[in-house]
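As a plain string of letters, each chain reads:
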Amino acid sequence: MFSLVITIPLLFLCVVLLFTARSHEQRQRVIEDLSLPPNTKTLAFFHPYCNAGGGGERVLWTAIAYIQRTRPEVLPVVYTGDIDATKDSIVQKAQSRFSIALDPDRLHFVFLTRRVLVEDSTYPHFTLIGQSMGSVGLVLEALWNFVPHAYIDTMGYAFTLPILRILGIPAGAYVHYPTVSPPMISRVARPSKLVYYHAFMLLYSLALRCAQVLMVNSTWTRKHVAAVLAYPFSSSRRGTIKPRVVYPSCDTREMAKLPLDARAQVVVSIAQFRPEKDHAMQIRALHSLLQTHPKYEKVQLVLIGGCRNEQDQARVTALENLAVELGVKEHVTFVLNAPYPDVLAWLRRASVGLNTMLDEHFGINVVEFMAAGVIPIVHASGGPLEDIVVPFNGKNTGYHAKSPETFAAAIHEAFSLSPAEDREIRRRARTWAVQQFSEAEFEAGWEASGWAKLLR
Ligand SMILES: *[C@@H]1O[C@H](CO)[C@@H](O)[C@H](O)[C@H]1NC(C)=O
């Protein structure tokens, strides 16, 4: 027993010394290779799939471009498992995919060969624990190759954070989606799995508490992450970290160019034909509108959406049948898998845009409506209620509803606005959405998160 008490800390000390002994020389080599001043600080981003071109990568590159622009003394470093890519190809893709200009002379990549450690196919059973332990392995590979001055996980690998802290490196995280959370667990039915989830969540909570800076991508994620941090009971320590919402920027440039006036009696919806999007509610709302206000004989409901497979196609057919059954077939148009210019053309004509999903986490389509000058009528829940269709300067930027009847009433209200009010609400919604989900706003939030204190 006594020998254990001695050997474990000793072993631990050896590992820490081993890593830190290598670190200085490695860092100086990278800094010299890039011809940067010797006192350059390195900030590493753990993003093993940095070349995937999704929403998470937009956040990564926006943050890095911002740091390059504003902090010449900081060198961003990316840990990635994209070993088939090169620095040039990654920088090029950020440009072509997101129009984000990265400076390759002030950027360093550490390529990791063991990304298989975090792939879910590696762990057919106990995937959560497997991937989390795998991420510890992967971050050890990363640190073996490069020890930074500070570290930010931007892909949700919270279990890497304690490793960094053990090595004395300040660490933070940007969380897109919680790995698990108490509200999610309460929906798991099987008791045998419950023990596993609770055990996992305890570890997850302890790992997340190692973050000295914590950002999340929406109110929904903030609530879930806050619940994880408070699991199983809130830490009584003062100064427990509070996650801060920093919205990813949305590309609204094309939409914001559309003219606000000359809109037709067109109601659009943009959503994949998945059950949770509740397209049927939209058709029922249209039916209810025509029942109560037959004067809208010209109204068109245009359902734009991706239709990926047979199940989606079957849902479209069922929706067509519903329209026939309710006698509103002539008023409904389906636009499947439309190219972007066609979507823009509909957004240019539409007066109103619908989002009927219950508890949508965010709802980027709603941001797009608003940027395009389309008045949003959204389900009174989730991101559309809490993050997006919120008052701006004390005035509404759209409408909330919950049932076919209330959606219909909101459509009627929007159609009944005076020309001046109509223009005013479109302008207000556009101004708000473009500003709130802009790069500038993201950068302001990133700065306010206090990331810079990691480098002090
Ligand atoms: C946050 O990240 C999750 C997971 O990638 C995504 O589904 C969600 O849309 C994101 N929210 C925002 C505001 O981009």
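Refer to the structure printed above.
First things first, this report covers the structure right here in the doc. Not measured: the values here are computed from a predicted model.

Overview of the site of the ligand
Line of reasoning, step 1. Around the ligand lies a shell formed by His176, Tyr177, Asn217, Pro248 and Phe362.
Line of reasoning, step 2. Within the backbone of histidine 176, an N or O atom sits 3.1 Å from an oxygen atom of the ligand.
Line of reasoning, step 3. Contacts to the ligand include asparagine 217, whose side-chain N or O atom sits 2.4 Å from an oxygen atom.
Line of reasoning, step 4. Coverage of the ligand by the protein chains reaches 60% of its 360 Å² of free accessible surface.
Line of reasoning, step 5. Of the residues assigned to the shell around the ligand, the class counts are three nonpolar, two polar and no charged.

Focus on a nonpolar patch on the surface
Line of reasoning, step 1. A surface patch of nonpolar side chains, amounting to about 360 Å² of accessible area, comprises Leu11, Phe12, Val15 and Ile166.
Line of reasoning, step 2. If one sorts the elements of the nonpolar patch by residue count, helix α1 (residues 2-33) sits on top with three residues.
Line of reasoning, step 3. For phenylalanine 12, the position within the fold is in helix α1.
Line of reasoning, step 4. A relative accessible area of 41% means that phenylalanine 12 is categorised as partly exposed.

Looking at the sheet that holds strand β2 (residues 74-80)
Line of reasoning, step 1. If you walk across this open sheet you meet the seven strands as β3-β2-β1-β4-β5-β6-β7, and the pairing is parallel. The open sheet terminates on both sides in strands that have one partner only, identified here as β3 (108-111) and β7 (244-245).
Line of reasoning, step 2. Note that β2 and β3 share four bridges and pair parallel. Looking across to β3, one finds that valine 77 is bridged to histidine 108.
Line of reasoning, step 3. Packing against the sheet, helix α2 (residues 55-70) makes contact with β1 (41-46), β2, β3 and β5 (171-175), and its axis sits at approximately 160 degrees to β2.

Cut-offs and rules
Residues numbered from 1 in each chain as written. Predicted model: local features only at pLDDT ≥ 70, side-chain atom pairs only at ≥ 80, totals over all residues. Heavy atoms only, no water. Near = heavy atom within 4 Å. Polar contact = N/O pair within 3.5 Å; in protein donor to acceptor, adjacent residues only side chain to side chain. Areas by Shrake-Rupley, 256 points an atom, 1.4 Å probe, with all protein chains shown as cover. Nonpolar A, V, L, I, M, F, W, Y, C, P; charged D, E, K, R; others polar. Patch = residues over 30% accessible without salt bridge, like charges linked within 9 Å, V, L, I, M, F, W, Y side chains within 5 Å. Salt bridge = Lys/Arg side-chain N within 4 Å of Asp/Glu carboxyl O. Helix = DSSP H or I, 4+ residues; strand = E, 2+ residues; numbered from the N terminus. Buried < 20%, exposed > 50% of the residue type's maximum accessible area, 1.4 Å probe, protein only. Pairing = 2+ DSSP bridges. Contact = heavy atoms within 4.5 Å. Axes fitted to C-alpha atoms, helices over the stretch in contact; angles between N-to-C directions.

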